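A structural walkthrough
Now for the letters of each chain:
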Amino acid sequence: MKAAIRTLICLLLVLVIATAGFLIPKYGIDPHVGRYAGERAVFARFALQQAKQFFAGSLEEKFIMAERVELLEQVGTTDCGYEPFTVAHAFRARVRLYTVFGLPYGMVNVDCNGVYRDEYHFLRFR
């Protein structure tokens, strides 16, 4: 009887920890879009959307739980993007990717021409 209760408690604890691993990055990591206004906010949303599409269809997509715009800078004066993300200036964004429990997974750079892998540093806290 005690062994069954212990087993049930252990299984419940594993379920709670696994659930926390998926919910912490989803609800605890702010994508930082609210830090920007106007065109910058539009491009920040574009960068997040492009970063998600970059990994679509791959196994990596299953491990990326959250994204955050770390850097956003204007790099030109030509218009960029597509509806509903069209902006009048060219921007570049650096998007940090997070995996379970909010652990950093890597970064990608997004500009008007596409998405480029920046670095992978799983379990490297810098």
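Residues numbered from 1 in each chain as written. Predicted model: local features only at pLDDT ≥ 70, side-chain atom pairs only at ≥ 80, totals over all residues. Heavy atoms only, no water.

Things to note about the packing of aromatic side chains
As enumerated under the stated definition, the model contains four aromatic pairs in all. An angle of 55° between the planes, with centres 5.8 Å apart, marks the rings of Phe46 and Phe85 as tilted. With a gap of 39 residues between them, Phe46 in helix H2 (residues 39-54) and Phe85 in the loop between strand E1 (66-76) and strand E2 (90-98) connect regions that are remote in the sequence. Pair check on accessibility: Phe46 and Phe85 agree, each one buried. With centroids separated by 5.0 Å and ring planes inclined at 85°, the aromatic side chains of Phe54 and Phe55 adopt a geometry described as edge-to-face. The class of Phe54 is partly exposed, set by a relative accessible area of 32%. According to the relative accessible area criterion, Phe55 is buried, its value standing at 2%. An aromatic cluster is present here, built from Phe43, Phe46, Phe85 and Phe91 joined pairwise through their rings. (Phe/Tyr/Trp six-rings, centres within 6.5 Å; stacked < 30°, edge-to-face > 60°. Helix = DSSP H or I, 4+ residues; strand = E, 2+ residues; numbered from the N terminus. Buried < 20%, exposed > 50% of the residue type's maximum accessible area, 1.4 Å probe, protein only.)

Observations regarding H2
In this model H2 runs 22 Å from its N-terminal to its C-terminal C-alpha over 16 residues, within 8% of the 22 Å that 1.5 Å per residue would give. Taken residue by residue, H2 has Ala41, Val42, Phe43, Ala44, Phe46, Ala47, Leu48, Gln50 and Ala51 as its buried positions. (Expected span 1.5 Å × (residues − 1).)

Details of a nonpolar patch on the surface
Together, Leu13, Ile17, Ile24 and Phe101 make up an exposed nonpolar region whose accessible area comes to about 370 Å². Within the secondary structure layout, Ile17 lies in helix H1 (residues 2-28). (Patch = residues over 30% accessible without salt bridge, like charges linked within 9 Å, V, L, I, M, F, W, Y side chains within 5 Å. Areas by Shrake-Rupley, 256 points an atom, 1.4 Å probe, with all protein chains shown as cover. Salt bridge = Lys/Arg side-chain N within 4 Å of Asp/Glu carboxyl O.)

Some points on the side chain of Glu67
Its location among the elements puts Glu67 in strand E1. Contacts of Glu67, omitting those with residues within four sequence positions, involve Pro31, Leu48, Lys52, Val95, Arg96 and Leu97. (Contact = heavy atoms within 4.5 Å.)

Some remarks on H1
When the terminal C-alpha atoms of H1 are compared, their 37 Å separation across 27 residues agrees well with the 39 Å that a helix rising 1.5 Å per residue should span. When the local axis directions of H1 are compared, the greatest deviation, roughly 25°, occurs at Phe22, which is followed within four positions by the proline Pro25. (Bend = angle between axes of the 7 residues up to and from the residue.)

Overview of the pattern of salt bridges
Enumeration over the complete set of coordinates arrives at four salt bridges. In this structure, Glu60 and Arg117 form a salt bridge, with 3.0 Å as the shortest nitrogen-oxygen distance. Of the two residues, Glu60 is situated in helix H3 (residues 60-63) and Arg117 in strand E4 (residues 114-120); the sequence distance between them amounts to 57 residues. We note a salt bridge from Glu70 to Arg96, for which the minimum N-O separation is 3.6 Å.

On their own, these measurements won't tell you what the molecule is for.
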